[in-house]
Number of protein chains: 2
Amino acid sequence: MGGMKAPEDLLRRIRQGNRFLLTSHINPDGDAIGSELGLARLLRGLGKGAVVWNHDNTPTIYKPLPGSERIHIGEEPPAGFPDVFDAIIVLECPSPDRTGLEQHLSARPVINIDHHLGNQCYGAVNWVDSAAPAVGEMVFRLAQGLKVPLEPEVASCLYLTLVTDTGGFRFSNATVAAFEAAASLVREGAHPEQVAQWLYESQPLAVVKLTGEMLQSLQTHDGGRIATGRLTREMFERAGAKPGDSEGLIDQLRSIAGVDAVALIRELPEGGHKVSLRSRGEVDVEKIARHHGGGGHRNAAGFTIQGEGEEVRREVAAELGAALGS
Amino acid sequence: MGGMKAPEDLLRRIRQGNRFLLTSHINPDGDAIGSELGLARLLRGLGKGAVVWNHDNTPTIYKPLPGSERIHIGEEPPAGFPDVFDAIIVLECPSPDRTGLEQHLSARPVINIDHHLGNQCYGAVNWVDSAAPAVGEMVFRLAQGLKVPLEPEVASCLYLTLVTDTGGFRFSNATVAAFEAAASLVREGAHPEQVAQWLYESQPLAVVKLTGEMLQSLQTHDGGRIATGRLTREMFERAGAKPGDSEGLIDQLRSIAGVDAVALIRELPEGGHKVSLRSRGEVDVEKIARHHGGGGHRNAAGFTIQGEGEEVRREVAAELGAALGS
């Protein structure tokens, strides 16, 4: 089982080159960073040079990955670019503009390795496998094709890409290939417990306390089809939390069985409330947000509003109720 | 790779029997329920009778598992017991008293299938593999030994045991064997996305409210290396929650950055407290649990204890502190 092997022309390009520049998309995620760092180290193991260059900073949770401190960041090219590089390997990026470094890509032949369905095949070599659970899994197949043994650090980088892109093996791309690659990577020394610790067990205490505060304010409406939560300034103080700490807390409301729409009403330091809305399926919350001068998409939107907190909750719950009925 | 094969005397016992009673431990978890339901259905697929009998109710999150509605619950034996049964298969249970049905176990030969290190080998046949990531993975190997193809429903039951016992592939028992079993089970029709929805996205409102109550009781100790939470009977009442609803809540404590050991102290309806312990790396909580007459593994263990709740918290925090220092 598993996906197709890495293509011969890709293997040849890599065997022939001596020094590679690796990049990915702006706002890099786990698959971008893990694939870059894993492949860079793998290339160095073959005696080749490899430099990772990203437009944007590495998110904090990926900084423990081995080699992350060596990533070159920003619009200014790394030393010797482009002359010292034989090719630019672009990982997990459907189109050149998404690298944030498009103006530099024409300086060297591009090797495009991706799993996005709509990849524009913009490379001199293009390996696009939309069935791959993560690009990191393709890098693993590339290592097999190059017959290079994986170091434990490479295995952990690639294992992380599987975890982040499959939502911790919870999404529909948690396929046989994903689990087989995970088994192989763990055999080569990837450390699932360590990776999980980086990704999931590093919540600031204040965020966990704020979650408790928010859940204490939980109310349901319309026979349980709507859930609302509030975060007051007092709650932030009690939890020792900063405004950014409420990011993602609305998912706790979304996790409730039978709920079709949720709202989190957060009191702003400067007064007024930020209302975040989430919905399932056809329930359109963007329309509600737009009505209040905000925006978003059908299933995720937000706006700010003045007024007393519990009044705002009642109004928002009523508007969500109307959206459910429509 | 993977663990040792199911032993021949076990395979013979199962081939020879016609009707089996299956049980596990009190307060059954995902590995208990998933292994029971998976094995029961597997035995029925071989044309044999199988009845699952548990002392305690099935936790809500495991009720979507196929066959859960047929589990016989309570101290009153199921119809025809013991005459109609050839053997009693006890799954994931280190000692007979932990079944809650000990007085009935002598009525028929016991087949003991478990992965607890301290299993007392109390059966006529004992298959104990402490390296198994979950007993459900042993049931999978049993199915291979019996050469019975897995139905998708059986595969999903056994896949769920891997997910719950490895903490969603986040614990140190997320081994090569765990991922290889997951790959095989997905190939046989297990549905990771569906299982994840059961476990993580269909939370009863009471469970979410109970999470909020528990987080309000959160305390940290030893400079943040230990976190403890409590669940009192009043909290269960306020949340409208049942005893089984606290399953998995301890993970909220584990998610805190810098924490090496956590304890959740739950007041029992009949008085006393259930203490659940989790740890990282080398910190051994099984030893603490064993000292109090409980059991488990190095990084996940539990026991029951009498006393006042906050006193229990202080005592447990002190013992965890000692375990950190050792």
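Note that this is a predicted model, so its numbers are computed, not measured.

Novice: If you had to explain the overall build of chain A to someone new, which residues and values would you point to?
Specialist: Counting secondary structure elements, chain A contains twelve helices and twelve strands. With the C-alpha coordinates of chain A rotated into their principal frame, the extents come out at 70 × 40 × 40 Å. Relative to its full complement of 326 residues, chain A shows a buried share of 47%. Relative to all contacts within chain A whose residues are 6 or more apart in sequence, the contacts with residues 24 or more apart total 66%.

Novice: Lay out the domain arrangement of chain A with the relevant residues and their values.
Specialist: Segmentation of chain A into domains returns domain 1 (8–200) and domain 2 (207–325). Look at where the C-alpha atoms of domain 1 of chain A and domain 2 of chain A centre, and you get two points 37 Å apart.

Novice: Summarise the packing of helix α2 (residues 30–45) of chain B against helix α5 (residues 152–165) of chain B; cite the residues concerned and give the values.
Specialist: Residue and element names in this part refer to chain B. Orientation of α2 relative to α5, taken along the N-to-C sense of each, is 160°, at an axis distance of 8 Å. If you check the angle between α2 and α5, you find them roughly antiparallel. Considering only the axes of α2 and α5, their crossing is left-handed. Every residue of α5 that contacts α2 at Gly30, Asp31, Gly34, Ser35, Leu37, Gly38, Arg41 and Leu42 is listed here: Glu153, Val154, Cys157, Leu158, Leu160, Thr161, Thr164 and Asp165.

Novice: Kindly report on the sheet that holds strand β11 (residues 295–297) of chain B, identifying the contributing residues and their values.
Specialist: Residue and element names in this part refer to chain B. Reading across the sheet, the six strands line up as β7-β8-β9-β10-β12-β11 and stay open at both edges, with mixed pairing between neighbours. With partners counted over all chains shown, the strands left at the sheet margins are β7 (219–221) and β11, one partner each. Between one strand axis and the next, the sheet turns by 20° as a mean value, whatever way the strands run. With three bridges joining them, β7 and strand β8 (residues 226–231) adopt antiparallel strand pairing. Following the sheet pairing, threonine 220 is matched in β8 by alanine 227. On top of the sheet, helix α12 (residues 309–325) reaches β7, β8, β9 (261–267), β10 (273–279) and β12 (300–305); it is set at about 160° to β9, its chief contact.

Novice: Got a sec to walk through the sheet that holds strand β5 (residues 110–114) of chain A? Specific residues and values, please.
Specialist: Think of a sheet as strands paired side by side through backbone hydrogen bonds, with each pair either parallel or antiparallel. Strand order in the open sheet formed by six strands is β3-β2-β1-β4-β5-β6 (chain A), and the pairing between neighbours is parallel. Among the strands making up the open sheet, the edge pair consists of β3 (72–73) and β6 (125–128) of chain A.

Novice: I'd like a description of the environment of B:Leu320, backed by residues and values.
Specialist: Residue and element names in this part refer to chain B. Looking at where leucine 320 falls in the secondary structure, it is placed in helix α12. Judged by C-beta crowding, with 25 C-beta atoms within 10 Å, leucine 320 ranks as buried. Spatially, the C-alpha atom of leucine 320 lies 7.9 Å from that of isoleucine 288, the residues being 32 residues apart in sequence. The contact partners of leucine 320, leaving out residues within four places of it in the chain, are Ile226, Ala261 and Ala263.

Novice: Explain the pairing of strand β12 (residues 300–305) of chain A to me, using residue names and the numbers behind them.
Specialist: Residue and element names in this part refer to chain A. Of the pairings in the sheet, the one linking strand β10 (residues 273–279) to β12 comprises six bridges and is antiparallel in character. Following the sheet pairing, lysine 274 is matched in β12 by threonine 304. The pairing of strand β11 (residues 295–297) with β12 spans three bridges and is classified as antiparallel. Paired with glycine 295 across the two strands is glycine 302, which belongs to β12. Between the antiparallel neighbours β11 and β12 lie two residues.

Novice: Please give an account of the nonpolar core that cites residues and values.
Specialist: The biggest cluster of nonpolar side chains holds 130 residues, and the ones touching the most others in it are A:Tyr159 and B:Tyr159. Not counting residues within four places of it along the chain, the set of residues in contact with A:Tyr159 comprises A:Ala182, A:Leu185, A:Val186, A:Ala190, A:Pro192 and A:Val195. A:Leu210, A:Ala227, A:Ala241 and A:Val316 belong to the second-largest nonpolar core, a separate cluster that totals 72 residues.

Novice: Which residues make up the interface of chain A and chain B, and what values go with them?
Specialist: Reports often express the size of an interface as the amount of accessible area lost when the parts come together. Between chain A and chain B, the residue contacts involve 36 residues of the former and 38 residues of the latter. Secondary-structure elements contributing two or more residues to the side of chain A that touches chain B are α6 (176–187), α7 (192–200) and α8 (205–216) of chain A. When grouped by side-chain class, the residues that make up the side of chain A that touches chain B number 18 nonpolar, twelve polar and six charged.

Novice: An account of α5(B) is requested, with residue identities and associated values reported.
Specialist: Residue and element names in this part refer to chain B. Helix length check: α5, at 14 residues, gives a terminal C-alpha distance of 20 Å against a target of 20 Å (1.5 Å per residue), a fit within 8%. Extensive coverage of α5 is indicated by the burial of twelve of its 14 residues. Within α5, the full set of buried residues consists of Val154, Ala155, Ser156, Cys157, Leu158, Tyr159, Leu160, Thr161, Leu162, Val163, Thr164 and Asp165. Check the buried side of α5 and you find it contacts α2, α4 (135–145), α6 (176–187) and α7 (192–200). Trailing α5 by a residue or two, glycine 167 shows a phi angle of about 60°, which is positive.

Novice: Go over the environment of B:Ala40, please, and point to the residues and values.
Specialist: All names here are of chain B. Along the chain, alanine 40 turns up in helix α2. In this structure alanine 40 comes out as buried when scored by C-beta crowding, with 24 C-beta atoms within 10 Å. Between the C-alpha atom of alanine 40 and that of valine 51, which follows or precedes it by eleven residues, the distance is 6.9 Å. Other than its neighbours up to four places away in sequence, alanine 40 contacts Leu22, Ala50, Val52 and Gly67.

Novice: Residues and numbers for the pairing of strand β1 (residues 19–23) of chain A, please.
Specialist: Residue and element names in this part refer to chain A. Counting buried positions along β1 gives four out of five residues, so the element sits mostly inside the fold. Pairing of β1 with strand β4 (residues 87–91) involves four bridges; the strand directions are parallel. Residue pairing in the sheet places phenylalanine 20 in a bridge with alanine 87 of β4.

Novice: Hey, could you go over unusual backbone geometry for me, with residue numbers and the actual values?
Specialist: With an omega of 0°, the peptide bond running from A:Phe81 to A:Pro82 counts as cis. Locating A:Pro82 in the fold gives a position in the loop between β3 and β4. Although it is not a glycine, B:Asn27 adopts a positive phi angle of roughly 45°. With respect to the secondary-structure elements, B:Asn27 resides in the loop between β1 (19–23) and α2. Here B:Asn27 falls in the buried class, since 23 other C-beta atoms lie within 10 Å of it.

Novice: Go over the packing of helix α4 (residues 135–146) of chain A against helix α5 (residues 152–165) of chain A with me, naming the residues and quoting the values.
Specialist: All names here are of chain A. Running from N to C, α4 and α5 point in directions that differ by 145°, and their axes come no closer than 7 Å. Along this stretch, α4 crosses α5, giving a crossing that reads as left-handed. Here Val135, Gly136, Glu137, Val139 and Phe140 of α4 come into contact with α5, specifically with Leu158, Thr161 and Leu162. Residue composition of the contact of α4 with α5, grouped by class: five nonpolar, two polar and one charged.

Novice: Any details on the confidence of the model for chain A? Residues and values, ideally.
Specialist: Predicted coordinates in regions of low pLDDT should not be interpreted in detail. On average, residues of chain A score 94 in pLDDT, and 99% of them reach the 70 mark or higher. Across the predicted assembly, pTM comes out at 0.81 and ipTM at 0.82.

Definitions and cut-offs
Along each chain, residues carry numbers from 1 onward, in the same order as the chain's sequence is written. By the order in which they are written, chains take letters starting at A while ligands take numbers starting at 1. Thresholds applied to this predicted model are a pLDDT of at least 70 for local features of residues and 80 or more for the giving and counting of side-chain atom pairs; totals over whole chains, interfaces and linings are not thresholded and use all residues. A run of DSSP states H or I qualifies as a helix once it reaches four residues; a run of E qualifies as a strand once it reaches two. Both are numbered from the N-terminal end. Any residue with 12 or fewer other C-beta atoms within 10 Å of its own C-beta is exposed, any with 20 or more is buried, and the rest are partly exposed; the C-beta atoms used are placed from the backbone. Throughout, a pair of residues is in contact if the C-beta atoms placed from their backbones lie within 7 Å. Domain borders in the structure are assigned automatically or taken from a domain database. In this analysis an axis means a line fitted to C-alpha atoms, helices contributing only their contacting stretch, and an angle means the value between N-to-C directions, from 0 to 180 degrees. If an angle is under 35 degrees, it is roughly parallel; if it is over 145, roughly antiparallel; if it lies from 65 to 115, roughly perpendicular; otherwise it is oblique. Left-handed describes a crossing whose near helix is turned anticlockwise from the far helix through less than a right angle; right-handed describes the clockwise counterpart. Any two strands between which DSSP finds at least two bridges are classified as paired. Among buried residues, those of type Ala, Val, Leu, Ile, Met, Phe, Trp, Tyr and Cys that are joined through C-beta atoms within 7 Å form a set called a nonpolar core. Think of it as three bins: nonpolar holds Ala, Val, Leu, Ile, Met, Phe, Trp, Tyr, Cys and Pro, charged holds Asp, Glu, Lys and Arg, and polar takes everything else, Gly as well. To estimate how far a helix should reach, multiply one less than its number of residues by 1.5 Å. Confidence per residue, as judged by the predictor, is encoded in pLDDT with a range of 0 to 100.

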